[in-house]
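Okay, here's what each chain looks like letter by letter:
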2 protein chains.
Amino acid sequence: MDFVVGVDLGGTNIVTGLLDREGNLKRTCKLPTEAHLGSSYVIEKIGKIIQSLLAEEQIDKSRVLAAGVGNPGFVDPVRGVSLFSANLGWKDVPVADKLRQQLEIPVFLDNDVRMYALGEALQGAGKGHDVVLGITLGTGIAAAIVDRGKLFYGGGYMAGEIGHIPMEGESTPCPCGVRGCLETVASATGIIRQVRAAIEGGRSSILQTWFESEDLSRITAADVTRAYDAGDPVAIEVLSHTGRLLGKGLSYAVSLLSPDAIVIGGGVAFAGERLFAPMKEELEHSVYHGYWERISIRTAELLDDAGVIGSALYAKQRMES
Amino acid sequence: MDFVVGVDLGGTNIVTGLLDREGNLKRTCKLPTEAHLGSSYVIEKIGKIIQSLLAEEQIDKSRVLAAGVGNPGFVDPVRGVSLFSANLGWKDVPVADKLRQQLEIPVFLDNDVRMYALGEALQGAGKGHDVVLGITLGTGIAAAIVDRGKLFYGGGYMAGEIGHIPMEGESTPCPCGVRGCLETVASATGIIRQVRAAIEGGRSSILQTWFESEDLSRITAADVTRAYDAGDPVAIEVLSHTGRLLGKGLSYAVSLLSPDAIVIGGGVAFAGERLFAPMKEELEHSVYHGYWERISIRTAELLDDAGVIGSALYAKQRMES
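Just so we're clear, the structure is a prediction, and the values are computed from it rather than from any experiment.

1. Some thoughts on the overall build of chain A
Thinking step 1. A tally of regular secondary structure across chain A gives 10 helices and 13 strands.
Thinking step 2. Dimensions of chain A, computed from the C-alpha atoms along their principal axes, are close to 65 × 50 × 35 Å.
Thinking step 3. A buried classification covers 59% of the 321 residues belonging to chain A.
Thinking step 4. When contacts within chain A are restricted to residue pairs at least 6 apart in sequence, long-range pairs at least 24 apart make up 63% of them.
Thinking step 5. As displayed, chain A offers around 12900 Å² of accessible surface, 49% of which is attributable to carbon and sulfur atoms.
Thinking step 6. In chain A, 30 positive and 40 negative side-chain charges are present, and the distance between their average locations comes to 4 Å.

Written out as structure tokens, the structure is:
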């Protein structure tokens with residue numbers, strides 16, 4: 001068996017790739033998901049993409065060990081079922097079974113953030129570390145734990161919800177039902193909300209000039225980063241506060257899980273040290289120094305490929321276990 | 001192989017037991033550690049206790065698979081070395097090697113709280129649950145995670161330090177170097193400190209009558225429980241605050257680890273619902289309801305035997321892996 005297939009299935013795009021025996025990503029393909037056309041359509045599309053990739057590389061199916069799919073939302077990895085995905089609009093879809101029938105190769109399904117973390121842990125910024133906490137800061141916050149090469153799932157496959165820890169002093173209602181969750185602050189949505197609240201509360205910001213005649217709802221997290229670099233006090237205050245709160249949230253994870261490395265990805269990670277400097281300062285002061293001295297904090301390295309590589313390696317692990 | 005030996009090595013006592021093939025604790029023996037006589041003395045004593053137990057039961061050494069030892073403090077389970085134990089006054093003691101030479105059977109060493117949690121997870125209050133968070137509330141707080149029958153160690157074997165998470169609103173310096181750690185509040189030491197601070201701050205308590213002419217430093221956590229039952233407002237306030245803070249700390253662990261069961265042991269657990277009612281209330285409000293609905297919160301069942309059973313089962317696991 002020479003190849004494994006990895007699929008990173010998102011609400012917007014499907015990224016598919018082929019991993020060779022040495023773990024090199026041989027070829028990738030990115031196509032729109034077209035989730036509005038329904039689960040059967042999307043799953044068939046994934047199957048066709050995989051078949052095309054193999055045909056283009058002139059690789060016979062018999063040389064493919066298995067395929068792994070990273071699916072957003074709640075997943076039952078044992079049965080290979082997408083239990084609930086808000087991004088895709090799916091409920092109880094037997095993704096693995098359907099793809100297996102179409103492709104006639106073994107197919108395994110798991111959560112997309114777990115696949116992302118596994119990819120970064122095994123071949124990205126977490127490589128060489130025993131215990132890796134992978135975290136993505138995007139529209140929301142998601143995290144997964146890789147323990148000596150294997151995912152730590154927790155009961156009901158529900159571990160890693162650092163984004164839903166309520167933070168002292170925060171009170172924004174979270175869709176999860178709790179108030180002041182870390183995700184309501186340390187995410188793209190949270191950063192934008194804080195900036196808009198400050199401006200609407202009477203603070204003046206360069207962002208008002210940039211979005212002068214337009215709706216403030218068009219502000220993105222990247223705009224806040226630009227405003228920070230322009231010396232905007234609101235942007236500086238918001239990113240500093242967000243960083244400190246993230247550091248506090250990470251301190252809980254460090255004391256409980258003792259990761260050797262924390263790998264941070266997602267769009268908000270592009271804020272870099274503007275966010276990470278206050279985050280690290282808070283983290284250092286909130287954990288026993290023995291943790292701080294041994295931990296490595298890194299930004300993700302594989303970017304778009306992390307999910308594909310992680311899904312492929314996951315499929316390989318499932319075949320070997 | 002019909003038997004495994006388990007040893008719970010504490011600063012005060014050594015509890016040793018013999019587990020049969022069915023996992024039944026056949027015989028136990030509790031003797032003082034006499035740690036002041038040094039590590040060589042204590043290790044030889046453990047060896048002699050094991051030899052006596054076997055002789056009394058007329059069990060030949062050839063029928064013993066291995067022995068496991070739960071050691072307080074930092075341990076390197078791979079090399080079987082007690083790295084640092086404040087309770088025993090030990091530093092870099094090769095416990096497993098020494099006992100192995102004496103007994104001529106395989107010996108494995110791990111941390112005592114991990115052994116306690118493993119015992120409760122496999123044969124006690126956590127039995128039947130996939131992911132178990134075991135926590136002991138004693139002089140300090142310690143915790144360990146059992147994931148589908150196996151310990152989750154974290155990097156550097158340092159996972160589970162829920163007691164060293166700094167809690168908002170708390171500021172008591174902790175020996176770990178951080179201020180306001182959960183352990184400074186939700187432990188016997190923490191409860192007593194809070195009660196004394198309240199009294200010394202001018203609050204009146206029934207404990208002043210009970211310890212009238214004596215030093216308030218003689219108050220124990222059990223006395224605070226008795227005062228609570230006598231309707232003492234200071235005791236009620238302290239146990240309620242402690243319970244709420246414990247619930248908050250546990251909420252971090254629940255969102256990150258998603259345990260199916262939390263098993264609480266240690267002397268302070270005898271406070272029961274006086275502590276657990278406010279703890280559960282806080283926990284329920286601090287986590288996504290999906291966690292709350294599936295989690296089982298139990299007090300430890302095996303008491304003194306948990307460490308012995310856990311150590312024996314751990315030795316069995318190490319032999320099988």
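2. Points about the packing of aromatic side chains
Thinking step 1. In the structure shown here, the tally under the stated rule is 6 aromatic pairs over all chains.
Thinking step 2. Taking 5.0 Å as the distance between ring centres and 55° as the angle between the ring planes, the aromatic pair formed by F152 of chain A and F152 of chain B counts as tilted. Taken as a pair, F152 of chain A in strand β11 (residues 150-152) and F152 of chain B in strand β11 (residues 150-152) lie in two separate chains rather than in one.
Thinking step 3. For F152 of chain A, a relative accessible area of 3% translates into the label buried.
Thinking step 4. On the numbers, 6.1 Å between centres and 90° between planes, the contact of Y288 of chain A with Y291 of chain A is edge-to-face.
Thinking step 5. For Y291 of chain A, a relative accessible area of 3% gives the class buried.

3. Here we look at the domain arrangement of chain A
Much of the literature gives interface size as the accessible area that the parts lose upon coming together.
Residue and element names in this part refer to chain A.
Thinking step 1. When cut into domains, chain A gives domain 1 (3-120 + 304-320) and domain 2 (128-299).
Thinking step 2. Taking only C-alpha atoms into account, the centre of domain 1 sits 28 Å from that of domain 2.
Thinking step 3. With 15 residues of domain 1 in contact, the opposing surface of domain 2 contributes 15 residues.
Thinking step 4. In total, about 1200 Å² of surface goes out of reach between domain 1 and domain 2, with carbon and sulfur atoms giving 71% of it.
Thinking step 5. Interface area lost by domain 1 to domain 2 is led by V113, R114 and Y116, which between them contribute 41%.
Thinking step 6. At the boundary of domain 1 with domain 2, the tally comes to 0 salt bridges.
Thinking step 7. Where domain 1 packs against domain 2, one counts 3 residue pairs in polar contact (both at pLDDT 80 or more).
Thinking step 8. Looking at the side of domain 1 that touches domain 2, the elements with two or more residues in it are β5 (74-76), α3 (112-123) and α10 (305-320).
Thinking step 9. Ranked by residues supplied to the side of domain 1 that touches domain 2, first place goes to α3 with 7 residues.
Thinking step 10. Looking at the side of domain 1 that touches domain 2 residue by residue, the class counts come to 10 nonpolar, 1 polar and 4 charged.

4. Observations concerning the sheet that holds strand β4 (residues 64-71) of chain A
Residue and element names in this part refer to chain A.
Thinking step 1. Read across the sheet, 5 strands follow the order β3-β2-β1-β4-β8 without closing on themselves; strand pairing throughout is mixed. Where the open sheet ends on each side, the last strands, each with one partner, are β3 (25-32) and β8 (107-111). Here the strands of the sheet are splayed against their neighbours by 15° on average, with no regard to which way each runs.
Thinking step 2. With 7 bridges joining them, strand β2 (residues 13-20) and β3 adopt antiparallel strand pairing. Within the sheet, the bridge partner assigned to V15 lies in β3 and is K30.
Thinking step 3. Strand contacts of helix α2 (residues 95-103): β4 and β8, with the helix running at about 150° to β8, the strand carrying the most contacts.
Thinking step 4. Each of β1 (3-9), β2, β4 and β8 is contacted by α3, which is oriented at about 100° to β8, the strand it contacts most.

5. Looking at the sheet that holds β5 of chain A
Residue and element names in this part refer to chain A.
Thinking step 1. The sheet built from 3 strands is open, its strands ordered β5-β6-β7 with antiparallel pairing. Strands at the two margins of the open sheet, each flanked by one partner only, are β5 and β7 (90-93). Taken pair by pair, the neighbouring strands of this sheet meet at an average axis angle of 15°, ignoring direction.

6. Overview of the interface of chain A and chain B
Thinking step 1. In this assembly, 37 residues from chain A lie in contact with 37 residues from chain B.
Thinking step 2. Counting the surface lost from both chain A and chain B, the interface buries some 3100 Å², and carbon and sulfur atoms represent 65% of this.
Thinking step 3. Broken down residue by residue, the surface that chain A buries against chain B is led by F152, M158 and L256 of chain A, which jointly contribute 22%.
Thinking step 4. Run the count over chain A and chain B and you get 0 salt bridges.
Thinking step 5. When contributions to the side of chain A that touches chain B are tallied by element, the ones reaching two or more residues are β10 (141-147), α7 (233-257), α8 (273-286) and α9 (289-294) of chain A.
Thinking step 6. At 6 residues, α7 of chain A tops the list of elements feeding residues into the side of chain A that touches chain B.

7. Examining the state of the cysteines
Residues and elements named next belong to chain B.
Thinking step 1. The final tally for this structure, using the stated rule, is 0 disulfides over all chains.
Thinking step 2. Cysteine C181 shares no disulfide, and the gap to the nearest cysteine sulfur, in C176, comes to 3.7 Å.
Thinking step 3. Exposure remark for C181: the relative accessible area of 0% places this residue in the buried category.

8. A short note on the relation of the copies chain A and chain B
Thinking step 1. Mapping chain A onto chain B is achieved by rotating through 180° and translating by 0.0 Å along the same axis, at an RMSD of 0.0 Å. On the angle and the small slide along the axis, the relation comes out as a two-fold axis.
Thinking step 2. Of the interface residues in chain A, 100% have counterparts in chain B that sit at the interface too, so the contact is made through matching surfaces.

9. Looking at the pairing of β8 of chain A
All names here are of chain A.
Thinking step 1. Across the 5 residues of β8, 5 count as buried, placing the element largely inside the fold.
Thinking step 2. The pairing of β4 with β8 spans 5 bridges and is parallel. The residue of β8 that forms the bridge with V69 is L109.

10. Quick look at the pattern of salt bridges
Side chains that differ in charge, positive against negative, can pair when their charged atoms come close.
Residue and element names in this part refer to chain B.
Thinking step 1. In this structure the tally under the stated criterion is 46 salt bridges over all chains.
Thinking step 2. The closest approach of N and O atoms between D260 and R294, which form a salt bridge, is 2.9 Å. Taken together, the residues span a long stretch of sequence, with D260 in the loop between α7 (233-257) and β12 (261-265) and R294 in helix α9 (residues 289-294) at a distance of 34 residues.
Thinking step 3. Residue classification places D260 among the buried residues on the basis of a relative accessible area of 8%.
Thinking step 4. For R294, a relative accessible area of 33% corresponds to the partly exposed category.

Cut-off values and rules
- Residues numbered from 1 in each chain as written.
- Chains lettered and ligands numbered in written order.
- Predicted model: local features only at pLDDT ≥ 70, side-chain atom pairs only at ≥ 80, totals over all residues.
- Heavy atoms only, no water.
- Helix = DSSP H or I, 4+ residues; strand = E, 2+ residues; numbered from the N terminus.
- Buried < 20%, exposed > 50% of the residue type's maximum accessible area, 1.4 Å probe, protein only.
- Contact = heavy atoms within 4.5 Å.
- Areas by Shrake-Rupley, 256 points an atom, 1.4 Å probe, with all protein chains shown as cover.
- Lys, Arg positive; Asp, Glu negative; His and termini not counted.
- Charge placed at Lys NZ, Arg CZ, Asp CG, Glu CD.
- Phe/Tyr/Trp six-rings, centres within 6.5 Å; stacked < 30°, edge-to-face > 60°.
- Domains from an automatic or database assignment.
- Buried area = accessible area lost by both parts, 1.4 Å probe.
- Salt bridge = Lys/Arg side-chain N within 4 Å of Asp/Glu carboxyl O.
- Polar contact = N/O pair within 3.5 Å; in protein donor to acceptor, adjacent residues only side chain to side chain.
- Nonpolar A, V, L, I, M, F, W, Y, C, P; charged D, E, K, R; others polar.
- Pairing = 2+ DSSP bridges.
- Axes fitted to C-alpha atoms, helices over the stretch in contact; angles between N-to-C directions.
- Disulfide = S-S within 2.5 Å.
- Least-squares fit on C-alpha atoms with pLDDT ≥ 70 in both.

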